[in-house]
Amino acid sequence: MDRIPEHVSIIMDGNGRWAAERGRERTFGHQEGAKSVRAVIEGCIREGVKYLSLYAFSEENWNRPQQEVSFLMDLMAREVADEMEEMLENRIRFRVLGNRGRLDPVLNAAITNLEEATAGNDRLTLILFLSYSGKWDILQAVKRLAAAKSPEEIEAMQIGDFDSWLVTAGIPDPDLIIRTSGELRISNYLLWQGAYSEFYFTDVCWPDFRMEQLHQALEEYARRDRRYGKVK
Ligand code: IPE
Ligand code: IPE
Ligand code: MG
């Protein structure tokens, strides 16, 4: 394919509705959604995408029923434990970004372990946004910045200088943001970083989003004209 995005980001949505359509519990949808994660990782490696980021759990998602939150956290912990070997084999670098302090300490430690073990990998960087929200990210950046810099230094800052205070420091902004399940909103995702992302919306629910659907999104991206406010 002609133009491959360097960074693909996905708002993985529609697990619950997908399950409900099949007369199953919402949790069944999350379980099947984990298979889509594997498929999309493989697809990104094949297509030559360098960064794949996935919105897995938002700050707002803590407000779901306790039973669903626990299920999602357990699923995450299982996946993190199971994927170690595969990630090392495939030279995937693993990162988790978000309000990590809200995660269970055991899960947090397992994540740190996997991040450290895969830190030297460079084929694909896989980023999971967990307990993340765009507004939270901007606020934590402002707080740390204000504590570390003098008013003069802050006054002299350029827009690009702010990037390094966000949790995504060092990661290129997403070229393409995909949202599944037909919802047409950003849901407090990468508000700063997505300023010039291309958006791709599909009615397909996340458990049905596999290699073929990823390929379609990448084909559509290749046809887009990214003007950044300029004229031809
Ligand atoms: C996405 O699917 C998974 C998470 C947000 C954790 P949903 O759970 O939001 O599924 P729907 O949107 O209710 O169908
Ligand atoms: C957005 O999905 C968050 C994730 C995919 C992790 P939601 O299902 O939580 O978003 P809303 O509530 O429909 O906006
Ligand atoms: Mg949803």
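Residues numbered from 1 in each chain as written. Chains lettered and ligands numbered in written order. Predicted model: local features only at pLDDT ≥ 70, side-chain atom pairs only at ≥ 80, totals over all residues. Heavy atoms only, no water.

S.K.: Where do I start with the overall build of the protein chain in this structure?
M.R.: A tally of helices and strands in the protein chain yields eight helices and six strands. Along the protein chain, helices and strands appear, N-terminal first, in the series β-α-α-β-α-β-α-β-α-α-α-β-β-α. Over its C-alpha trace the protein chain gives a radius of gyration of 18 Å, about what one expects of a compact globule, namely 17 Å for 232 residues. Residues counted as buried form 49% of the 232 residues belonging to the protein chain. Look at the contacts in the protein chain between residues 6 or more apart in sequence, and 77% of them connect residues 24 or more apart. (Helix = DSSP H or I, 4+ residues; strand = E, 2+ residues; numbered from the N terminus. Rg over C-alpha atoms; globule rule 2.2 N^0.38 Å. Buried < 20%, exposed > 50% of the residue type's maximum accessible area, 1.4 Å probe, protein only. Contact = heavy atoms within 4.5 Å.)

S.K.: How should the packing of helix H2 (residues 26-47) against helix H3 (residues 66-89) be read in this particular structure?
M.R.: Think of two packed helices as two axes; the pair is described by the angle between the axes and how far apart they sit. Two elements in contact, H2 and H3, have axes separated by 11 Å at closest approach and are oriented at 30°. Relative to H3, the element H2 is oriented roughly parallel. Like other packed secondary-structure pairs, H2 and H3 cross with a definite hand, here right-handed. Seen from H2, the contacting residues are Arg26, Thr27, His30, Gln31, Ala34 and Arg38; seen from H3, they are Glu68, Phe71, Leu72, Leu75, Glu79 and Glu83. Class assignment of the residues belonging to the contact of H2 with H3 gives a composition of four nonpolar, three polar and five charged. (Axes fitted to C-alpha atoms, helices over the stretch in contact; angles between N-to-C directions. Parallel < 35°, antiparallel > 145°, perpendicular 65-115°, else oblique. Left-handed = near helix turned anticlockwise from the far one by under 90°. Nonpolar A, V, L, I, M, F, W, Y, C, P; charged D, E, K, R; others polar.)

S.K.: I would appreciate a short explanation of the site of ligand 1 in the present structure.
M.R.: In the neighbourhood of ligand 1, 13 residues make up the surrounding shell, with Asp13, Gly16, Arg17, Arg26 and Arg64 lying closest. Here an oxygen atom of ligand 1 sits 3.1 Å away from a polar atom, N or O, in the main chain of Asn15. Taking Arg26, its side chain carries an N or O atom lying 2.8 Å from an oxygen atom of ligand 1. In the complex, 87% of the free accessible area of ligand 1, which totals 380 Å², lies under the protein chains. Put simply, the parts of the chain that give the shell around ligand 1 at least two residues each are helix H1 (15-21), H2 and H3. (Near = heavy atom within 4 Å. Polar contact = N/O pair within 3.5 Å; in protein donor to acceptor, adjacent residues only side chain to side chain. Areas by Shrake-Rupley, 256 points an atom, 1.4 Å probe, with all protein chains shown as cover.)

S.K.: I would appreciate a short explanation of the pairing of strand E6 (residues 198-201) in the present structure.
M.R.: On a regular strand, each side chain points to the face opposite its neighbour's, so the side chains alternate between the two faces of the sheet. Side-chain alternation along E6 places Glu198 and Tyr200 on a buried face and Phe199 and Phe201 on a face that remains uncovered. In terms of strand pairing, strand E5 (residues 176-179) meets E6 through four bridges, oriented parallel. Residue pairing in the sheet places Ile178 in a bridge with Tyr200 of E6. (Pairing = 2+ DSSP bridges.)

S.K.: Would you mind going over the packing of H2 against helix H8 (residues 211-223) with me for this structure?
M.R.: Between H2 and H8, the shortest axis-to-axis distance is 9 Å and the interhelical angle comes to 45°. Relative to H8, the element H2 lies oblique. Two packed elements cross with a definite hand, and for H2 against H8 that hand is right-handed. Touching Ala39, Val40, Glu42, Gly43, Cys44, Arg46 and Glu47 of H2 are Met211, Leu214, His215 and Leu218, all from H8. Across the contact of H2 with H8, the residue classes break down as six nonpolar, two polar and three charged.

S.K.: Which parts of the structure should I look at to understand the packing of aromatic side chains?
M.R.: Geometrically, a pair of aromatic rings is defined through the distance of the ring centres and the angle of the planes. Applying the stated criterion across every chain yields a total of twelve aromatic pairs. Aromatic side chains Tyr55 and Tyr132 sit 6.3 Å apart centroid to centroid with 80° between the ring planes, which places their arrangement in the edge-to-face category. With a gap of 77 residues between them, Tyr55 in strand E2 (residues 51-58) and Tyr132 in strand E4 (residues 124-132) connect regions that are remote in the sequence. In terms of burial, Tyr55 and Tyr132 fall into one category: buried. An angle of 65° between the planes, with centres 4.7 Å apart, marks the rings of Phe129 and Tyr132 as edge-to-face. Owing to a relative accessible area of 1%, Phe129 belongs among the buried residues under this scheme. Accessibility expressed as a relative area gives 0% for Tyr132, which makes it buried. Geometry around Tyr221 places Arg3 over its ring, the cationic atom sitting 5.2 Å from the centre. (Phe/Tyr/Trp six-rings, centres within 6.5 Å; stacked < 30°, edge-to-face > 60°. Lys NZ or Arg CZ within 6 Å of the ring centre and 35° of its normal.)

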